[in-house]
Amino acid sequence: MKNYVFDLDDALALMLERCRCLDTEVVPVDKASGRVLAVDLKARYDVPLFDKSPLDGYAFHAADTQSVSGEKPVRLAVAEEIPAGSVSHKTLKHGYAVKILTGAPIPEGADAVVKFEDTIAADGYVTIFQSFHAGDNVVRRGEDVRFSEVIAPKGTVVDEAIHGMIASQGISAVEVYRVPLIGIISQGNELLDPGETLQSGKIYNSNRYMLHSALKRENLPSIYLGIVPDQMERISEFLQTAVSMYDAVIMTGGVSVGTYDYTKDALERAGAEILVDKIRMKPGSSCCLAVLKGVPVFGLSGNPSAAMTTFHLVAVPALRKICGRNDYMLQKIRVCLAETFKKKSPVLRVLKGGLSLEDGNALFHLNQHQENGSVSAMKGTGIFAVIPAESGAVKAGTMLDAYII
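Residues numbered from 1 in each chain as written. Predicted model: local features only at pLDDT ≥ 70, side-chain atom pairs only at ≥ 80, totals over all residues. Heavy atoms only, no water.

A.B. asks: Help me out: how do you make sense of the pattern of salt bridges in this one?
C.D. replies: When the charged atoms of two side chains with opposite charge come close together, those side chains can pair. Scanning the entire structure with this criterion turns up 16 salt bridges. Between arginine 208 and aspartate 193 there is a salt bridge, and its shortest N-O distance comes to 3.6 Å. With arginine 208 in helix H3 (residues 207-217) and aspartate 193 in the loop between strand E13 (191-192) and strand E14 (203-204), this pair connects stretches of sequence that are 15 residues apart. Ionic contacts of the salt-bridge type, sharing partners, join the residues Glu218, Arg320, Arg325 and Asp327 into one network. (Salt bridge = Lys/Arg side-chain N within 4 Å of Asp/Glu carboxyl O. Helix = DSSP H or I, 4+ residues; strand = E, 2+ residues; numbered from the N terminus.)

A.B. asks: Sorry, what's going on with helix H1 (residues 8-17) here?
C.D. replies: Along an α-helix, residues three or four apart share an orientation, since each turn contains 3.6 residues. When H1 is considered as a whole, its buried residues turn out to be Leu8, Ala11, Leu12, Met15 and Leu16. The buried residues of H1 all sit within an arc of 130° when viewed along its axis, so they share a single face. Projecting away from the buried face of H1 at angles above 90 degrees are the exposed residues Asp9 and Glu17. (Buried < 20%, exposed > 50% of the residue type's maximum accessible area, 1.4 Å probe, protein only. Arc of directions from axis to C-beta.)

A.B. asks: Just to check I follow, could you spell out the layout of surface pockets for this structure?
C.D. replies: Regions of empty space are outlined by a rolling probe, equal in size to a water molecule, passed over the atoms. Its volume calculated, the largest pocket comes out at about 380 Å³. In this structure, the largest pocket is lined by 24 residues; those nearest its centre are Gln187, Glu190, Gly253, Gly302 and Asn303. By residue class, the composition of the lining of the largest pocket is 7 nonpolar, 14 polar and 3 charged. Lining the second largest pocket are 15 residues, and of these Asp9, Leu348, Val386, Pro388 and Ala389 sit closest to its centre. For the lining of the second largest pocket, the secondary-structure elements that each account for two or more residues are H1, strand E21 (332-337) and strand E25 (399-404). Considering every element that reaches the lining of the second largest pocket, the biggest residue donor is E25, with 4 residues. Class assignment of the residues belonging to the lining of the second largest pocket gives a composition of 9 nonpolar, no polar and 6 charged. (1 Å grid on protein atoms, 1.4 Å probe; cavity = no way out; pocket = protein on both sides within 12 Å on 5 of 7 lines; lining within 4 Å. Points joined across faces, edges and corners; volume = space filled by probe spheres on them. Nonpolar A, V, L, I, M, F, W, Y, C, P; charged D, E, K, R; others polar.)

A.B. asks: Could you clarify how one ought to interpret the pairing of strand E19 (residues 286-292) in this entry?
C.D. replies: The buried fraction of E19 is high, at 6 of 7 residues. Bridge analysis of strand E17 (residues 273-279) against E19 gives 4 bridges, and the strand direction is antiparallel. Directly across from lysine 278, in E19, lies its bridge partner serine 286. The pairing of E19 with strand E20 (residues 295-300) spans 5 bridges and is antiparallel. In the strand pairing of E20, alanine 290 is matched with valine 297. Here E19 folds back onto E20 in antiparallel fashion, the turn holding 2 residues, of which lysine 293 has a positive phi close to 55°. (Pairing = 2+ DSSP bridges.)

A.B. asks: Please explain the packing of helix H4 (residues 232-243) against helix H5 (residues 263-270) as it appears in this structure.
C.D. replies: Geometrically, a packed helix pair is captured by the angle between its two axes and the distance between the axes. Two numbers describe how H4 lies on H5: the axes approach to 8 Å, and their chain directions differ by 60°. Judged on the interaxial angle alone, H5 and H4 are oblique. Pair H4 / H5 crosses with right-handed handedness. Packed against H4, whose contacting residues are Met232, Glu233, Ile235, Ser236, Leu239 and Gln240, the element H5 presents Asp265, Ala266, Leu267, Arg269 and Ala270 at the interface. A per-class count over the contact of H4 with H5 returns 6 nonpolar, 2 polar and 3 charged. (Axes fitted to C-alpha atoms, helices over the stretch in contact; angles between N-to-C directions. Parallel < 35°, antiparallel > 145°, perpendicular 65-115°, else oblique. Left-handed = near helix turned anticlockwise from the far one by under 90°. Contact = heavy atoms within 4.5 Å.)

A.B. asks: Can you help me understand the environment of glutamate 196 in this one?
C.D. replies: Relative to the helices and strands, glutamate 196 is located in the loop between E13 and E14. C-alpha separation for the pair glutamate 196 and arginine 20, spaced 176 residues apart in sequence, amounts to 39 Å. One polar contact links the side chain of glutamate 196 to the main-chain amide nitrogen of aspartate 193, over a distance of 2.7 Å. (Polar contact = N/O pair within 3.5 Å; in protein donor to acceptor, adjacent residues only side chain to side chain.)

A.B. asks: How should I be thinking about the nonpolar core in this particular structure?
C.D. replies: General note: in soluble globular proteins, nonpolar side chains tend to be found buried as a group. Formed by 48 residues in total, the largest nonpolar core has its most connected members in Ile250, Phe298, Phe311, Leu313 and Leu319. Sort the elements by how many residues they give to this core and helix H6 (residues 304-322) lands first, with 10 residues. Non-local contacts of isoleucine 250, meaning those with residues more than four positions away in its chain, are made with Ile182, Gly183, Ile184, Ile185, Leu211, Leu215, Phe298, Leu300, Phe311 and Leu319. Core analysis: the next-biggest nonpolar cluster, separate from the first, contains 20 residues, Ile235, Met251, Ile274 and Leu292 among them. (Core = buried A, V, L, I, M, F, W, Y, C linked by side-chain atoms within 4.5 Å.)

A.B. asks: Just to check I follow, could you spell out the sheet that holds strand E9 (residues 125-128) for this structure?
C.D. replies: One open sheet accounts for 6 strands, arranged E7-E4-E6-E5-E9-E8; its pairing is mixed. Single-partner strands in this sheet number two, and they are strand E7 (112-115) and strand E8 (119-122). Strand-to-strand, the axes of this sheet are offset by a mean angle of 35°, without reference to chain direction. In terms of strand pairing, strand E5 (residues 74-82) meets strand E6 (residues 96-100) through 5 bridges, oriented parallel. Across the sheet, the residue bridging to valine 78 is alanine 97, located in E6.

A.B. asks: Sorry if this is basic, but what is going on with the packing of aromatic side chains here?
C.D. replies: Here a ring pair, both rings aromatic, is described through the centre-centre distance and the interplanar angle of the planes. Evaluation of the coordinates by the stated rule reveals 2 aromatic pairs. Across the ring face of tyrosine 224, the terminal group of arginine 208 is positioned such that the distance to the ring centre comes to 3.6 Å. (Phe/Tyr/Trp six-rings, centres within 6.5 Å; stacked < 30°, edge-to-face > 60°. Lys NZ or Arg CZ within 6 Å of the ring centre and 35° of its normal.)

A.B. asks: Help me out: how do you make sense of unusual backbone geometry in this one?
C.D. replies: The linkage connecting valine 47 with the following residue, proline 48, adopts the cis geometry, with an omega of -5°. Residues lysine 282 and proline 283 are joined by a peptide bond in cis, for which omega reads -5°. Tracing the sequence through the fold places proline 283 in the loop between strand E18 (281-282) and E19. Not every positive phi belongs to a glycine, and glutamate 390 is a case in point at roughly 65°. Along the chain, the position of glutamate 390 falls in the loop between strand E24 (383-387) and E25.

Have a look at this one:
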């Protein structure tokens, strides 16, 4: 009989192995924010394209100020004024300066710039009170970006910096990976949608909203497909329809070993390949990770805290890989446990909490609630810290691995 129980790292590796990037499309630059580049982006031009002034002042020959001091200034004739966007067609002679505005090209012959406020200008002359070297206050051509260099590699998310670099190259459209659309399914006879009248034995469906918000933070659109009852045939049909329409499917509920937990059987009936049906960790051990018709399916616990644990540690890296990102793994850091955690941890335990910096140390503060079924366990959570399997109580001050979520 095949074993579907894995440690976290192995479960994630299995899922990642089956995730493939989506196809690509070309989008206009104004629609590129948040998208993932499908090709290496190379510079078409040097940036800046010419030597320029970084400030408002006067450009001149540095050699003309060689022996200048506060007691012995130099007086240069102002030949012309160069505002940003204009170009001088003259070669600057020794004994002359040009008034130059921020961003304007340095004229031929000039090799230094002095600030307006460090000079005295009158009657067509400017007086300079200090000596300069060639290159002082000059931004050189290509200082920021060199022609043909890779300014953003394939798999990079277009953030504000990359967006600006694309625009600086005059690029009007970029090739990016298609954004995956995620289908969310809730399973369980006990679930009600907010707005419905609360009945005995029923609960409101919080997982769909937690997942939607978490996916939105990942820049991933999602569609809620509804609640499916605890009936294997219905679940199987629901899943087959979902994978025909969406690039990934997330379902919560029905992944444990109870009488009405049908997710694994329903997936098998639909023809899915089951990769994992349990992870050796707490919370989030109950899950069912599968591939159905080439589409990854993440069957998560119905318990909110457990569902979000598996979502962040397994589903998020996998979904990022589908997006084409080269930084799909969660960022891992070391943190210092701020308070003692008293429970034993027979399997890997995932703690939820927040981070503070004190005296140069990254302190991890536990959330008050850590239970599988707690909705509030995720409140304010920015860090998952992990306690290794077979650990006893962990004292304050212990260093732990942690994931930034």
